[in-house]
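# Working through the structure, step by step
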Amino acid sequence: MEIYYQYVRLRRQFGRHAKFTDGGAEMLADIRPNADHAAACVPKNPATTVAQYRKKVEKDEEFVRTLAALGAAVEGLIKQNNSVDIYEEYFADYAADHSAEPPTAATVTVFRDPKAGPGAPRRAASCVSWHPDGAAKAVVAYSILGRS
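Worth saying up front: this structure is predicted, and the values here are computed from it rather than measured. (Residues numbered from 1 in each chain as written. Predicted model: local features only at pLDDT ≥ 70, side-chain atom pairs only at ≥ 80, totals over all residues. Heavy atoms only, no water.)

## Focus on the overall build of the chain
- Looking only at helices and strands, one finds 3 helices and 2 strands in the chain.
- Each helix and strand of the chain, ordered N terminal to C terminal, gives the series α-α-α-β-β.
- Burial statistics for the chain: of 148 residues in total, 1% are counted as buried.
- Long-range pairs, those at least 24 residues apart, make up 16% of the contacts in the chain with a sequence separation of at least 6.
- Carbon together with sulfur atoms contributes 57% to the accessible area of the chain, which is approximately 15,500 Å² in total. (Helix = DSSP H or I, 4+ residues; strand = E, 2+ residues; numbered from the N terminus. Buried < 20%, exposed > 50% of the residue type's maximum accessible area, 1.4 Å probe, protein only. Contact = heavy atoms within 4.5 Å. Areas by Shrake-Rupley, 256 points an atom, 1.4 Å probe, with all protein chains shown as cover.)

## Looking at the pattern of salt bridges
- Applying the stated criterion to the full structure yields 4 salt bridges.
- As a salt-bridge pair, Glu62 and Arg65 come within 2.8 Å of each other at their nearest N and O atoms. In this pair, Glu62 and Arg65 both sit in helix H3 (residues 61-83), 3 residues apart, roughly one turn of the helix.
- Look at Glu62 and you get partly exposed, because its relative accessible area is 42%.
- A salt bridge links Asp113 to Arg123, with the nearest nitrogen and oxygen atoms 2.6 Å apart. Taken together, the residues span a long stretch of sequence, with Asp113 in the loop between H3 and strand S1 (124-130) and Arg123 in the loop between H3 and S1 at a distance of 10 residues. (Salt bridge = Lys/Arg side-chain N within 4 Å of Asp/Glu carboxyl O.)

## With respect to a nonpolar patch on the surface
- On the surface, Val84, Tyr90, Phe91 and Tyr94 cluster together to form a nonpolar patch covering roughly 510 Å² of accessible area.
- Counting through the fold element by element, Phe91 comes out in the loop between H3 and S1. (Patch = residues over 30% accessible without salt bridge, like charges linked within 9 Å, V, L, I, M, F, W, Y side chains within 5 Å.)

## A look at the side chain of Asp113
- Taking the relative accessible area as the measure of exposure, Asp113 reaches 13% and is therefore buried.
- Among the polar contacts made by the side chain of Asp113, one reaches the side chain of Arg123 at a distance of 2.6 Å.
- Apart from residues no more than four positions distant in its own chain, Asp113 is found in contact with Pro121, Arg123 and Tyr142. (Polar contact = N/O pair within 3.5 Å; in protein donor to acceptor, adjacent residues only side chain to side chain.)

## Things to note about the confidence of the model for the chain
- Across the chain, the average pLDDT comes to 77, with 78% of residues at or above 70.
- By mean pLDDT, the top-scoring element of the chain is H3 (85), and the lowest-scoring one is helix H1 (residues 35-41) (72). (pLDDT = per-residue confidence, 0-100.)

Shown next, in the form of C-alpha cells:
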C-alpha cells in the first residue's frame, strides 16, 4: 500500500514577486555633521588608540584560536586553487563528433490531470519532481496557466 498525499495551493497563496528596478539611488535621510558629536566620538590621537586596541586583541585567546581556524580554511582553499586551474582550456583540442546518428525524440511518459473532466478547468503539469532513489515515483504540480 502506497501513501498518497495531494497538496493543493492557489497561486495567490505563494506571495508576491520582488520588484527590481534600474532606478538610481534614493536618499532616505540627510544627517548634517555636528562638531560636538565629532569631538565626543573621535579620539585625540587615533593612531595610538588603534595600536593599543590591536595589542589588546592580539593577546586574546579567542583571537588566536579564530586566526588558526581561518588559516587552516584558507590553506585548503589555496591548495584547491593550485590543483585546478579554472581558466585553463582542458578540452580545447577535443572535437565531439555528433554526426554518427541523426537526432531523435521519443515520448517517454504523458502526465494527465487526475481531476480532468467536464466542467473542470484545464490544468497543465508545471513541475515534476522525481524520487531520488531512482524508483518510478514522481510528484507532479498542476497549475492553471490561462483562463478557458
